[in-house]
Structures are given as structure tokens and as C-alpha cells.
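# Observations on chain architecture
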Amino acid sequence: MASVTYEHVTKRFGKVVAVNDLNIHIEDKEFLVFVGPSGCGKTTTLRLLAGLEEVTEGKIYIGDRLVNDVPPKDRDIAMVFQSYALYPHMNVYDNMAFGLKLRKVPKHEIDRRVKEAARILGIEDLLDRKPRELSGGQRQRVAVGRAIVREPKVFLMDEPLSNLDAKLRVQTRAELIKLHQRLQTTFIYVTHDQMEAMTMGTRIAVLKDGVLQQVDTPQKLYNEPANIFVAGFIGSPSMNFFEATIVEEDGKLLVDTGTFRVLIPEAKKEKALPYKGKKVIFGIRPEHIHAPPYVPPGISAAHIKAEVDVKELMGNEIFLYLLSGKNRFIARVDPRVAARPGDVVEMVIDMDNMHLFDAQTEKAILH
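Definitions and cut-offs
Residues numbered from 1 in each chain as written. Predicted model: local features only at pLDDT ≥ 70, side-chain atom pairs only at ≥ 80, totals over all residues. Heavy atoms only, no water. Helix = DSSP H or I, 4+ residues; strand = E, 2+ residues; numbered from the N terminus. Buried < 20%, exposed > 50% of the residue type's maximum accessible area, 1.4 Å probe, protein only. Lys, Arg positive; Asp, Glu negative; His and termini not counted. Charge placed at Lys NZ, Arg CZ, Asp CG, Glu CD. Salt bridge = Lys/Arg side-chain N within 4 Å of Asp/Glu carboxyl O. Polar contact = N/O pair within 3.5 Å; in protein donor to acceptor, adjacent residues only side chain to side chain. Contact = heavy atoms within 4.5 Å. Axes fitted to C-alpha atoms, helices over the stretch in contact; angles between N-to-C directions. Left-handed = near helix turned anticlockwise from the far one by under 90°. Nonpolar A, V, L, I, M, F, W, Y, C, P; charged D, E, K, R; others polar. Core = buried A, V, L, I, M, F, W, Y, C linked by side-chain atoms within 4.5 Å. Pairing = 2+ DSSP bridges.

## A look at the overall build of the protein chain
When helices and strands are tallied, the protein chain shows nine helices and 20 strands. The principal-axis extent of the C-alpha atoms belonging to the protein chain is close to 80 × 45 × 35 Å. Expressed as a percentage of its 367 residues, the buried residues of the protein chain come to 50%. Each charge sign in the protein chain was given a centre, from 51 positive and 49 negative side chains, and these centres are 5 Å apart.

Dropping the structure here:
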């Protein structure tokens, strides 16, 4: 078990900068998730640690050991890829044991490790089967088992659930969380799915264009995004954004979007005051816009009018796609709301959960 440190790490492919001056320390036994859109550098970041790509600049440490020039096989890591990459002619037992045989691990030790990993993953009854006889979820477990038997200091996982169907992804996600708790080993996980990141990671590192945007706990990223990109990427449906101006009226500060005005609560007034008269981006999550009969008690409520454009019934909730002048936004409301497309409705914004961003830098103002 070991910590991992990226120290001013940059990776270039010709003129393309895939990873740009990455600095991050991953604690021993942590489950850290790298998340971001396609092409943001998250897989390259993982491959640099694995030794599958060479670092252009900077240093990577596993524990106290500098590994820039250490061959992949000597880094004491195990990697699970998006594709299962199982040997079709070998049964499950031999697939899991193959790497250990290459390392000349004693036969009795191989047997112990394979059977222990199979027990942990619930695939003890599959050890004699060939990969073609397994479902996608079972193959993925075998691929994870092949990594477990190596008993590495660090597990690296590159979008391991992306080939599974939706139901199986949720199930396997829970299994990986339990696996991390049981093994107490450092896990570094890559995904483009923010739902996976939010549910699995003890911390999440958000990447964009090779640059680390923010690294923090899932709850902190959700509540206090550092910039517009993180705010829009974390959360589903994503945060609503409105171009706005901060205005003062009778000693009170308001957000003026051009089609509606909402009062900034006293607790947030001090940080918003320097932006009086300036352009800002006002952000509010869909779950913080309520229909009047179902407003939570004790919030700083701001009432606005909007037209219902589309209504999506999700069973336990409703997504209302709303129009207010030039502004389009989504509200996530109680399933008992009876609004229909074309209706003009009153909505209540929970201003205690409002966000403001600098229109130029796109950085958060209120945190």
C-alpha cells in the first residue's frame, strides 16, 4: 500500500499537451477518481503512473519512490482496462494466475491468491469456465480478480464499467466500493461518468484539457464548485446558468438576469458586493428550484414566473424544462406537480444554494 504523488507532471504528444503541470497527492488507501470529458487527459494521467507513457516533464512518486524511469512491471501496480483482455483459450483460474506464473510465484501461493480473489469477487464457481461462457459482468470481475491476485500497492482502473449495461454498472460499482473497503489499498479510477465519480470516490479530481480544475470530496465539489466547468460537470441534470448583472436597490443586492430579478441573501451579500454593476453568471441547480406547494421550510425563497416548455415524468420526480424570456432552464420538482407544457407557472428558487461566477474568469465568487 502506498501514496501516489504527481509533481508538476506534463505530457506532450508533439504539439498537443495532454496533461499540463499536474500536481496532486493521493493518500495511502484513498479511492481517488479522475473525471472529465473525452480528451481531457484522464487516461493519459493513469498511463503515466503505470509507465505505459513517458513523462515529458515532472516527477511521479509511488510512496517515496521516484518511478519515472522504473519499468511498468517493477512499479508494483495493477491495472484494469476498459476491455477485459482475457485469454480466450484459458479458463478463469489460469487467466487470473497467468501473471503470477510469469513472475515465478510458488504454485501453492498462486492457488491461495486466486481462490481468495475468487471468494472476494463471488466467482468461485466460475474458475473452470472459459471467457466465452461468461457474461459481461462476470468477465469484468475476472479482470479485476487478475489485478487483485498481484496484491499491488496501487490499483489503476481505466473506465472498467463502460462495457456493462446500466443495471450491471450500478451493481458492479457497489462491488468495487466494497472491494476497496475490504482490501484497504490505494485505488485510482478513471471515468467520464460523473455519477460513478460521485458515488465511488473519497475524492474526485476534475480535469479539463489536461488541466486539473478542482480536487475535493464529492460533496464539496457539488456544493462549492471552483468554476463554471466543475459546476456544470458535477450534478445531473447539470446546473442552470444565467447571464446576469448584480444590481443594488434600496440597500439590497439583486441578481438581474434581464427577465427576472432575485434577492441575494444577507449571508452571501458581502462576497457579491464587489461585483455590483458588473456582469456575472448566476447558477442554480435544478433540484433547488421548487414548485410552490412543495417548497422546503426555512429557505431564502425567490419567486419567478416561467412557461413550461417540456415535462418529463421520471416516476419519483419531474423535470420541467422552463422558459423565462431568453432564459431556458430545468427544474427538478415533486412528482405531484400538475403543470403541463404551455402553462405559465410560479417557481421558487432556493437562494441559499445560489452560485455566482465571474463572467471573465469563470471562477466562483461566493466560496
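## Comments concerning the side chain of arginine 173
Residue position: arginine 173 is located in helix H5 (residues 166-183). Despite its burial, arginine 173 pairs with no opposite charge, the nearest such side chain being aspartate 193 at 5.2 Å. Here the side chain of arginine 173 touches threonine 199 through a polar contact of 3.3 Å, side chain to side chain. Setting aside its immediate chain neighbours within four residues, arginine 173 contacts Leu161, Met195, Glu196, Thr199 and Met200.

## Digging into the packing of helix H2 (residues 92-102) against helix H4 (residues 136-148)
Following both chains from N to C, one finds H2 and H4 inclined at 30°, their axes separated by 8 Å at the closest point. Where H2 crosses over H4, the handedness of that crossing is right-handed. Facing H2, whose interface residues are Val92, Asn95 and Met96, H4 presents Val142, Gly145 and Arg146. Of the residues contributing to the contact of H2 with H4, the split by class is three nonpolar, two polar and one charged.

## Details of the side chain of threonine 5
Inspection of the secondary structure puts threonine 5 in strand S1 (residues 4-13). Of the polar contacts made by the side chain of threonine 5, one reaches the side chain of histidine 25; its length is 2.8 Å. Threonine 5 has contacts with Ile24, His25, Lys59, Ile60 and Tyr61, leaving out every residue within four places of it along the chain.

## Here's the deal with the nonpolar core
Note that soluble globular proteins tend to have their nonpolar side chains buried in a common cluster. The biggest cluster of nonpolar side chains holds 47 residues, and the ones touching the most others in it are Met96, Val114, Val144, Leu176, Leu179, Tyr189 and Val206. Of all the elements, helix H3 (residues 107-121) adds the most residues to this core, at six residues. When residues no more than four places from it in sequence are discounted, the contact partners of tyrosine 189 are Phe31, Leu32, Val33, Phe34, Met157, Pro160, Leu161, Leu176, Glu196 and Met200.

## Brief notes about the pairing of strand S20 (residues 355-358)
Of the two faces of S20, the one lined by His355 and Phe357 and the one lined by Leu356 and Asp358 are each fully buried. Where strand S14 (residues 279-284) lies against S20, four bridges are found, and the strand directions are antiparallel. Each residue of the ladder has a partner; that of phenylalanine 282, found in S20, is leucine 356.

## Considerations on unusual backbone geometry
Along the chain, serine 236 connects to proline 237 via a cis peptide bond; the corresponding omega equals -5°. Along the chain, proline 237 turns up in the loop between helix H8 (228-233) and strand S11 (240-249). Not every positive phi belongs to a glycine, and histidine 8 is a case in point at roughly 50°. Relative to the helices and strands, histidine 8 is located in strand S1. A positive phi angle is found at aspartate 250, which is not glycine, with a value near 55°. With respect to the helices, strands and loops of the structure, aspartate 250 is situated in the loop between S11 and strand S12 (252-256).

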